[in-house]
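# Topology and contacts: notes
Okay, here's what each chain looks like letter by letter:
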Amino acid sequence: MAEPPVIIWQQEVESVLRYRDLVPRLEDALGKFSRRDRAEVVQPVRAAVPLQKHSGFMGLMPTYMENDGVLSTKFVCFYKREKGSTLPAVQATVVLLDPERGNVKAVMDGEVITTMRTAAVSAISAKLLMASGAEVLAILGTGTQALSHYNIFTEMFSFKEVRVWSRTKENVERFVRSVGGGVRGCGSAEEAVRGADVIVTVTGSTEPVLHGQWVKAGAHVAAVGACRPDWRELDDVLMKSAVVYADSREGALSESGDVILSGAQVFAELGDVINGTRPAEREKTTVFKSLGMGVEDAVSAQLVFDQWTAKQTKP
Ligand SMILES: NC(=O)C1=CN([C@@H]2O[C@H](COP(=O)(O)OP(=O)(O)OC[C@H]3O[C@@H](n4cnc5c(N)ncnc54)[C@H](O)[C@@H]3O)[C@@H](O)[C@H]2O)C=CC1
Ligand SMILES: O=C([O-])C1=[NH+]CCC1
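Residues numbered from 1 in each chain as written. Chains lettered and ligands numbered in written order. Predicted model: local features only at pLDDT ≥ 70, side-chain atom pairs only at ≥ 80, totals over all residues. Heavy atoms only, no water.

As named in an unreviewed UniProt entry, the chain is Ketimine reductase mu-crystallin, taken from Poecilia reticulata. Word for word, the UniProt comment on the chain under Sequence similarities (unreviewed entry) is "Belongs to the ornithine cyclodeaminase/mu-crystallin family." In its Subunit (unreviewed entry) section, UniProt records this for the chain: "Homodimer. Binds the thyroid hormone triiodothyronine (T3); T3 binding inhibits enzymatic activity." (UniProt positions renumbered as here; feature names shortened; annotations may be inferred.)

Right, dumping it as structure tokens:
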């Protein structure tokens, strides 16, 4: 009989997961995904069950990496929250299985994984696509993803200025305090993004918050919110004038309102750039449309499991 599964909860995930370990694993996973080799990654587009009464969805994100022996699925519930709501926008659990026997090896908190792997993939997009000498970073949104994006973008790059905007002044002030200052709070999205070299959109908005006419030519945008076919964060002007990259072409064409409703073409996946099969158009305005992929959760969960197991066996 198989061993019972271990439970690895939030604090323990936090204590073992580090961006320096995660980033190379995610780069490798993005490259493998884009090769479409079924021995490397099998990952269907997320199935989303509507939770109509609660304005949300439960996403199911199964992934199998045969060569790496990794089998997992994430359950992620995400919601459109009304202004002032204190309920979380995203809750997630990752289940890691033994692919040979089919038993569950570990059940782990998926919030830290989702928060960190999403920010890490956006940072990889910036590493690949932002113009050299980028100085100004703008973040639209001040929630969970805003903080993780701030953390990794300031850890990986040396911006001279970081700006942030959110719907309320209180949210902006709270965010600035939470990161210990060093960030300029802005009164409007336009003020935050004008002249910025890199723009991160991490809002719960279902309407465009970022307009192409404000965006400097050659800027890189990492667009993380609006993960439903009728939700938007970016307007048509930006989508049609930028070179659009995605984590998954199929994901973008079935889940991204910014891609579907603007009619913009997906030029490449990030993995194509990593594999050298599509170019990084650094000198042009670029949008990375992030939807989130099961393979990102799979490699993150395996990393957590390995680190956690090593910690248990240390004398
Ligand atoms: N691409 C991916 O892999 C992932 C995407 N997400 C998405 O990222 C977004 C942010 O997630 P969290 O930071 O966890 O949420 P959160 O609730 O912690 O933060 C959301 C932020 O957006 C702001 N906001 C909400 N509605 C807005 C509107 N109409 N206009 C302007 N700002 C608005 C809120 O004030 C808050 O600052 C969500 O859309 C979520 O679904 C989350 C996880 C993974
Ligand atoms: O990949 C993910 O976990 C999510 N994408 C959109 C909301 C949650």
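Next comes the rest of the write-up.
### Concerning the environment of D197
Along the chain, the position of D197 falls in the loop between α6 (189–193) and β10 (198–201). Given the relative accessible area of 14%, D197 is considered buried. Residues D197 and A219, 22 residues apart in the sequence, show an inter-C-alpha distance of 4.6 Å. Once residues within four sequence positions are removed from consideration, D197 is found in contact with A134, E135, V136, K216, A219 and H220. Within the structure, D197 has its side chain in polar contact with the backbone nitrogen of V136 (distance 2.8 Å). (Helix = DSSP H or I, 4+ residues; strand = E, 2+ residues; numbered from the N terminus. Buried < 20%, exposed > 50% of the residue type's maximum accessible area, 1.4 Å probe, protein only. Contact = heavy atoms within 4.5 Å. Polar contact = N/O pair within 3.5 Å; in protein donor to acceptor, adjacent residues only side chain to side chain.)

### Regarding the side chain of D247
In this fold, D247 is placed in the loop between β12 (243–246) and α8 (249–255). With no salt bridge to any partner, buried D247 finds its closest opposite charge in R117, at an N-O distance of 6.6 Å. At 2.8 Å, the side chain of D247 forms a polar contact with the backbone nitrogen of L291. For D247, the contacting residues outside a window of four places in its chain are F33, E269, F288, K289, S290, L291, G292, M293 and E296. (Lys, Arg positive; Asp, Glu negative; His and termini not counted. Salt bridge = Lys/Arg side-chain N within 4 Å of Asp/Glu carboxyl O.)

### Comments concerning the sheet that holds strand β1 (residues 6–8)
What the 6 strands build is an open sheet, ordered β1-β6-β5-β4-β3-β2; its pairing is mixed. A single partner strand is all that each edge strand has here, and the edge strands are β1 and β2 (47–51). On average, adjacent strands in this sheet sit at an angle of 15 degrees to one another, irrespective of strand direction. With 5 bridges joining them, strand β5 (residues 90–97) and strand β6 (residues 104–109) adopt antiparallel strand pairing. For V95, the partnering residue across the bridge sits in β6 and is V107. Sheet strands touched by helix α3 (residues 111–129): β3 (56–65), β4 (70–79), β5 and β6. Its angle to β5, the strand with the most contacts, is close to 100 degrees. Across the sheet, helix α11 (residues 294–313) is in contact with β1, β3, β4, β5 and β6; its angle to β3 comes to roughly 70 degrees. (Pairing = 2+ DSSP bridges. Axes fitted to C-alpha atoms, helices over the stretch in contact; angles between N-to-C directions.)

### Details of the environment of Y19
Looking at the secondary structure, you find Y19 in helix α2 (residues 19–35). As a C-alpha pair, Y19 and M116 span 97 residues in sequence and 7.5 Å in three-dimensional space. When sequence neighbours within four positions are dropped, the list of residues in contact with Y19 reads P24, M116, A119, A120, S148, I152 and E155.

### Some details on the sheet that holds strand β13 (residues 266–269)
The strand order across the open sheet formed by 8 strands is β9-β8-β7-β10-β11-β14-β12-β13, and the pairing between neighbours is parallel. Edge positions in the sheet fall to β9 (184–185) and β13, since each has one partner strand and no second. Inspection of the sheet shows strand β7 (residues 136–140) paired to β10 by 4 bridges, in the parallel sense. The residue bridging L137 from the neighbouring strand is V198, located in β10.

### Considering unusual backbone geometry
Trans is the common state for peptide bonds, and a negative phi is the common state for residues other than glycine. One non-glycine residue, R36, lies in the positive phi region at around 50 degrees. Mapped onto the secondary structure, R36 falls in the loop between α2 and β2. Positive phi, normally seen in glycine, also occurs at A226, with a value near 50 degrees. Position of A226 relative to the elements: it lies in the loop between β11 (220–223) and α7 (236–241).

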